[in-house]
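The chain contents come next:
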Amino acid sequence: MANRVVLDAGPLVSLVDRRDQFHVWALAQTKKLASSVHLVTCEAVLAEAFHLVRHVPGGAAAVLSFLEEEVIQLDFDVRDSLAPIAALMRRYADVPMSLADACLVVLSEGNPDAPVFTLDSHFRIYRRHGRQTIPLIFPGK
């Protein structure tokens, strides 16, 4: 297992929302990963997650605690990767690709051994460095 895992908003939301259909799966994956990897993400993912948990009792507090306890680490600056982000968003405009997804693809490019922990099937379409499939932690895999 890689020592880093790139975290998307879907599993993060599933972790804090016990009613989410992927809660048990996300919790099991996180427990498997917890002692051996660092979960890294970007601010765009956090913005999505905070938006999605706004009606979950204790949801925002749970996401904040993951950050405060460094369960999740921020490891990305959009300003440093604006050109590749823009290129990806143009390339996948028909999907369409969100800012968060583009950031995660670029983050994945900088961490080639790190799978993306996601519920988003678009990551099966996206390619890093133009042609490389992205290793995923995805339900059913």
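Residues numbered from 1 in each chain as written. Predicted model: local features only at pLDDT ≥ 70, side-chain atom pairs only at ≥ 80, totals over all residues. Heavy atoms only, no water.

Considering the overall build of the protein
Here comes step 1: Assigned secondary structure in the protein consists of six helices and five strands.
Here comes step 2: Of the regular secondary structure in the protein, the N- to C-terminal order runs β-α-α-β-α-α-β-α-α-β-β.
Here comes step 3: Relative to the compact-globule value of 14 Å for 141 residues, the protein shows a C-alpha radius of gyration of 14 Å, a close match.
Here comes step 4: Looking at the protein residue by residue over its 141 residues, the buried ones come to 47%.
Here comes step 5: Sequence-distant contacts in the protein: of pairs separated by 6 or more residues, those separated by 24 or more amount to 62%.
Here comes step 6: Surface summary for the protein: the accessible area is close to 7,600 Å², and the carbon and sulfur share equals 54%.
Here comes step 7: The positive charge centre, built from 14 side chains, and the negative charge centre, built from 16, are 7 Å apart in the protein. (Helix = DSSP H or I, 4+ residues; strand = E, 2+ residues; numbered from the N terminus. Rg over C-alpha atoms; globule rule 2.2 N^0.38 Å. Buried < 20%, exposed > 50% of the residue type's maximum accessible area, 1.4 Å probe, protein only. Contact = heavy atoms within 4.5 Å. Areas by Shrake-Rupley, 256 points an atom, 1.4 Å probe, with all protein chains shown as cover. Lys, Arg positive; Asp, Glu negative; His and termini not counted. Charge placed at Lys NZ, Arg CZ, Asp CG, Glu CD.)

Observations regarding unusual backbone geometry
Here comes step 1: Along the chain, valine 95 connects to proline 96 via a cis peptide bond; the corresponding omega equals -15°.
Here comes step 2: Summarising the element assignment, proline 96 is placed in the loop between α5 (82-91) and α6 (99-110).
Here comes step 3: A positive phi angle, near 60°, is found at glutamate 70, a position not held by glycine.
Here comes step 4: Inspection of the secondary structure assignment puts glutamate 70 in the loop between α4 (59-68) and β3 (72-74).
Here comes step 5: Look at glutamate 70 and you get exposed, because its relative accessible area is 56%.
Here comes step 6: Residue histidine 129 is not a glycine yet carries a positive backbone phi of 55°.
Here comes step 7: Mapped onto the fold, histidine 129 is located in the loop between β4 (116-117) and β5 (136-137).

Some words on the pattern of salt bridges
Here comes step 1: The full count for this structure, using the stated rule, is three salt bridges.
Here comes step 2: In this structure, the salt-bridge partner of arginine 19 is aspartate 17, at a minimum N-O distance of 3.4 Å.
Here comes step 3: Looking at arginine 19, the relative accessible area reads 65%, which means it is exposed.
Here comes step 4: Taking the shortest distance from any N to any O, the salt bridge between aspartate 77 and arginine 79 comes out at 2.7 Å.
Here comes step 5: Judged by its relative accessible area of 24%, aspartate 77 falls in the partly exposed class.
Here comes step 6: Overall, the relative accessible area of 68% leaves arginine 79 in the exposed class. (Salt bridge = Lys/Arg side-chain N within 4 Å of Asp/Glu carboxyl O.)

Focus: the nonpolar core
Here comes step 1: Core analysis: the largest hydrophobic core is formed by 46 residues, its most contacted members being Leu12, Phe117 and Phe123.
Here comes step 2: Ranked by residue count, the leading element in this core is α6, at seven residues.
Here comes step 3: When sequence neighbours within four positions are dropped, the list of residues in contact with phenylalanine 117 reads Val5, Val6, Leu7, Asp8, Pro11, Trp25, Ala26, Gln29, Thr30, Leu33, Leu39 and Ile137. (Core = buried A, V, L, I, M, F, W, Y, C linked by side-chain atoms within 4.5 Å.)

Here we look at the packing of aromatic side chains
Here comes step 1: Considering all chains together, one arrives at three aromatic pairs under this definition.
Here comes step 2: Judged by centre distance (5.0 Å) and plane angle (65°), the ring pair of tyrosine 92 and tyrosine 126 falls under edge-to-face. Within this pair, whereas tyrosine 92 is found in the loop between α5 and α6, its partner tyrosine 126 is found in the loop between β4 and β5, the two being separated by 34 residues in sequence.
Here comes step 3: Three or more aromatic residues link up through ring pairs in this structure, and these residues are Tyr92, Phe123 and Tyr126. (Phe/Tyr/Trp six-rings, centres within 6.5 Å; stacked < 30°, edge-to-face > 60°.)

Geometric descriptors of this kind do not, in isolation, establish any biological role.
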